[in-house]
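Read off the chains here:
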Amino acid sequence: MYRKILLAADGSDHSRRAAAEALKMAKMFSGSAVTLLYVVDYEKARTEMQLSKHRDEPQFHRGQLLLPLEEMFTSAGVPIEAKTLHGAPGPTIIRYANENSYDIVFIGSRGLNAFQEMVLGSVSHKVAKRVQAPVVIVK
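The structure displayed is predicted, hence computed values, not measured ones.

**A word on the side chain of Ser122**
Here comes step 1: Within the fold, Ser122 resides in the loop between helix H5 (114-120) and helix H6 (123-130).
Here comes step 2: Residue Ser122 is classed as buried on the basis of its relative accessible area of 10%.
Here comes step 3: Only 3.3 Å separates the side chain of Ser122 from the side chain of Ser124, close enough to count as a polar contact.
Here comes step 4: In terms of polar contacts, Ser122 uses its side chain to reach the backbone amide nitrogen of His125, at 3.0 Å.

Pasting the structure below:
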C-alpha cells in the first residue's frame, strides 16, 4: 500500500504533472497522505536574492509556484504537508526520502537545461538510483 507519499516539486510543468500522478495514487489508497517537498538550492537562492528588490520576494515567488499544488490535494480531500529544505536538490531529496521511509516518491523528469543535465546528471535520475522506495519519474 502506498500511504506515505513524497512529492518532490519545484513548480515546473513536470512537477505539476508529477503532482497529478501523486494525487491519483493518493486517492487510490484510503488513509494516504502526501508530503510536498521543495528544496531550495543554495546557488539558485543566492542568485534570486541578488536579483530581487525585496528580501522576501524569492520566498513569495516559491510559495506562488507551490500553492496550486497544495490546493490540488486539499480540494481533493487528500492530506498534504508542505516542507522546504535547503541544499543540493538531489542529495537532499534522497536523504529526506530515505530517512522518513516513504512508500513511494514522485518527481518530475526535468529541471535542468539539456547541457547541465548532460554534464551533471538529472536530479530525477539521481533520486531514482538512490532512494530506497519506488520512484515514479513523470514526463
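**Overview of the pattern of salt bridges**
Here comes step 1: Scanning all chains against the criterion turns up two salt bridges.
Here comes step 2: A salt bridge links Arg16 to Asp13; the shortest N-O distance between them is 2.1 Å. With Arg16 and Asp13 both in helix H1 (residues 13-28) and three residues apart, this pair spans about one turn of that helix.
Here comes step 3: Accessibility expressed as a relative area gives 34% for Arg16, which makes it partly exposed.
Here comes step 4: The shortest N-O distance in the salt bridge between Lys24 and Glu21 comes to 3.0 Å. With Lys24 and Glu21 both in helix H1 and three residues apart, the pair spans about one turn of that helix.
Here comes step 5: Residue Glu21 is classed as partly exposed on the basis of its relative accessible area of 30%.

**With respect to the nonpolar core**
Buried together is how nonpolar side chains tend to be arranged in soluble globular proteins.
Here comes step 1: In terms of nonpolar packing, the biggest core is built from 21 residues, with Ile5, Leu7, Val34, Phe73 and Phe106 touching the most fellow members.
Here comes step 2: Within the residue set of this core, elements represented by two or more residues are strand S1 (4-8), H1, strand S2 (33-40), helix H3 (57-75) and strand S4 (104-108).
Here comes step 3: Among the elements that make up this core, the one with the highest residue count is H1 (six residues).
Here comes step 4: Dropping the residues within four chain positions of it, Ile5 is found in contact with Ala22, Met25, Ala26, Ser32, Ala33, Val34, Thr35, Tyr102, Ile104 and Phe106.

**Topic: the side chain of Thr92**
Here comes step 1: Within the secondary structure, Thr92 is located in helix H4 (residues 89-99).
Here comes step 2: For Thr92, a relative accessible area of 3% corresponds to the buried category.
Here comes step 3: The residues touching Thr92, leaving out its near neighbours within four places in the chain, are Val39, Leu85, His86 and Gly87.

**What about the environment of His14?**
Here comes step 1: Structurally, the position occupied by His14 is in helix H1.
Here comes step 2: Here the alpha-carbon distance between His14 and Ile107, two residues 93 residues apart in the chain, equals 8.0 Å.
Here comes step 3: Those residues in contact with His14 that sit more than four places away from it in its chain are Gly108, Ser109, Arg110, Val138 and Lys139.
Here comes step 4: Within the structure, the side chain of His14 is placed 3.3 Å from the side chain of Ser109, a separation counted as a polar contact.

About the cut-offs
- Residues numbered from 1 in each chain as written.
- Predicted model: local features only at pLDDT ≥ 70, side-chain atom pairs only at ≥ 80, totals over all residues.
- Heavy atoms only, no water.
- Helix = DSSP H or I, 4+ residues; strand = E, 2+ residues; numbered from the N terminus.
- Buried < 20%, exposed > 50% of the residue type's maximum accessible area, 1.4 Å probe, protein only.
- Polar contact = N/O pair within 3.5 Å; in protein donor to acceptor, adjacent residues only side chain to side chain.
- Salt bridge = Lys/Arg side-chain N within 4 Å of Asp/Glu carboxyl O.
- Core = buried A, V, L, I, M, F, W, Y, C linked by side-chain atoms within 4.5 Å.
- Contact = heavy atoms within 4.5 Å.

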